[in-house]
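Structure at a glance
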Amino acid sequence: MAAQVESVRAFRRNEPGTKREDWNRWAMLPFEEMDSSLNVQQWIQQIIAKDPSDMDVILTPPAEVDDGVWKYEHLRQVCLELNGLALLLQEECDPTVCLQMTATEQWIFLCANHKNPKECSAIDYTRHTLDGASTLLNNSKYFPSRINIKESSISKLGSVCRRVYRIFSHAYFHHRNIFDDFEARTHLCLRFTSFVTKFEMMSAEHLIVPILPSQIAAAAAAAAAAAAATSPTSSA
Ligand SMILES: [Zn+2]
Ligand SMILES: [Zn+2]
């Protein structure tokens, strides 16, 4: 009888030698049955793996999850996955070419991970910012628990959002092929933009990568208006 019980148990782990197509492919576990203290992270990773493009499902917290924990865990997950984009950027984002962290012409972003904020090259800004985000999110002074998040600590998440977002915008405006390839696989910029919009963690004016349907429409309208303004007008 023991052997029979063993055979129906679902193992949720990747054994050595697991093939790429079988990676993380195990049956969905209901949230109520996730009994570890990392259940919210486990749930988020599970729904992302199921369909990374389904923002409604991914961003809707299970009924019993606290709002602060939900924001914290989502941001943590984005930072984790952003390392994948940083890795790709490393191949192309040359510190002698991308001397500063820029997206559009409008701003140069100073790297906040130094005693005095300074102009790190774009790739150094990316590395330092992801390191800084992970140091903060793992700082037990601000985040001693992953079950309860203090209100005063939630306010720290907004600045992490603003800083890591610049990695998306730099990739979009300066390394578009890398951005498009990464985004097609992960939908991470769409997820992050939907997340900060839904939970009001960044203002719309800072979200400069057109990725939400409303942003794409606005960008197209602005481009059309600019083209109309520069093309010679003719009248009969
Ligand atoms: Zn670059
Ligand atoms: Zn730096």
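The shown structure was predicted, so the numbers you read here are calculated from the model rather than taken from an experiment.

When helices and strands are tallied, the protein chain shows 9 helices and 2 strands. Helices and strands in the protein chain line up, N terminus first, as α-α-α-α-β-β-α-α-α-α-α. For the protein chain, the spread of C-alpha atoms along the principal axes amounts to about 90 × 50 × 35 Å. Residue burial in the protein chain is summarised as follows: out of 236 residues, 26% are buried. Counted over contacts in the protein chain with a minimum sequence separation of 6, partners at least 24 positions apart contribute 63%.

Note on placement: F173 falls in helix α6 (residues 151-174). Excluding its chain neighbours within four sequence positions, the residues that come into contact with F173 are A103 and T104.

Despite not being glycine, H187 shows a phi value in the positive range, around 55 degrees. Relative to the assigned elements, H187 resides in the loop between α7 (176-186) and α8 (188-198). Its 19 C-beta neighbours within 10 Å are what place H187 among the partly exposed residues. Residues other than glycine seldom take positive phi values, yet E200 does so here, at roughly 50 degrees. Within the secondary structure, E200 sits in the loop between α8 and α9 (213-230).

Moving on, we get to helix α2 (residues 39-50). Taking 1.5 Å as the rise per residue, α2 with 12 residues should run 16 Å; its terminal C-alpha atoms sit 16 Å apart, in good agreement. By the burial criterion, the buried members of α2 are N39, V40, W43, I44 and I48. Burial along α2 is one-sided: seen end-on, the buried residues are contained in an arc of 165 degrees. Residues of α2 that are buried in the fold lie against α3 (55-59) and α4 (67-92).

The biggest cluster of nonpolar side chains holds 38 residues, and the ones touching the most others in it are L75, C79, C161, F168, A171 and F192. Every element with two or more residues in this core is listed here: α4, α5 (122-137), α6, α7 and α8. A per-element tally of this core places α6 first, with 8 residues. In this structure, V40, I44, I48 and W70 belong to the second largest nonpolar core, which totals 6 residues.

It helps to recall that an α-helix has 3.6 residues per turn; residues three or four apart then point in one direction. The end-to-end C-alpha separation of α9 is 26 Å, in line with the 26 Å expected for 18 residues at 1.5 Å each. Among the 18 residues that make up α9, 0 are buried, leaving the element largely open to the surroundings.

With that settled, the discussion passes to the packing of α4 against α6. Packing of α4 against α6 leaves a shortest axis separation of 11 Å and a crossing angle of 25 degrees. What the angle tells us is that α4 and α6 run roughly parallel. Remark: the crossing between α4 and α6 carries left-handed chirality. On α6, the residues that touch G68, K71, Y72, L75, V78, C79, L82, L85, A86 and L89 of α4 are I154, L157, V160, C161, V164, I167 and A171. Class assignment of the residues belonging to the contact of α4 with α6 gives a composition of 15 nonpolar, 1 polar and 1 charged.

Let us look at the UniProt feature "binding site: Zn(2+)" (unreviewed entry) in the protein chain. Under the local residue numbering, the UniProt record ascribes the feature "binding site: Zn(2+)" (unreviewed entry) to C93, C98, H170 and H175. A compact arrangement is adopted by the annotated residues: their sequence extent is 83 residues, whereas the largest C-alpha distance between any two is 10.4 Å. For C93, the location among the structural elements is in the loop between α4 and β1 (101-102). Among the residues examined, C93 registers 22 C-beta atoms within 10 Å and is labelled buried. Contact partners of C93, with chain neighbours within four places excluded, come to C98, A122, I123 and H175. Counting through the fold element by element, C98 comes out in the loop between α4 and β1. Excluding its chain neighbours within four sequence positions, the residues that come into contact with C98 are C93, S121, A122, I123 and H174.

Cut-offs applied
- Residues numbered from 1 in each chain as written.
- Chains lettered and ligands numbered in written order.
- Predicted model: local features only at pLDDT ≥ 70, side-chain atom pairs only at ≥ 80, totals over all residues.
- Helix = DSSP H or I, 4+ residues; strand = E, 2+ residues; numbered from the N terminus.
- Buried ≥ 20, exposed ≤ 12 C-beta atoms within 10 Å, placed from the backbone.
- Contact = placed C-beta atoms within 7 Å.
- Expected span 1.5 Å × (residues − 1).
- Arc of directions from axis to C-beta.
- Core = buried A, V, L, I, M, F, W, Y, C linked by C-beta atoms within 7 Å.
- Axes fitted to C-alpha atoms, helices over the stretch in contact; angles between N-to-C directions.
- Parallel < 35°, antiparallel > 145°, perpendicular 65-115°, else oblique.
- Left-handed = near helix turned anticlockwise from the far one by under 90°.
- Nonpolar A, V, L, I, M, F, W, Y, C, P; charged D, E, K, R; others polar.
- UniProt positions renumbered as here; feature names shortened; annotations may be inferred.

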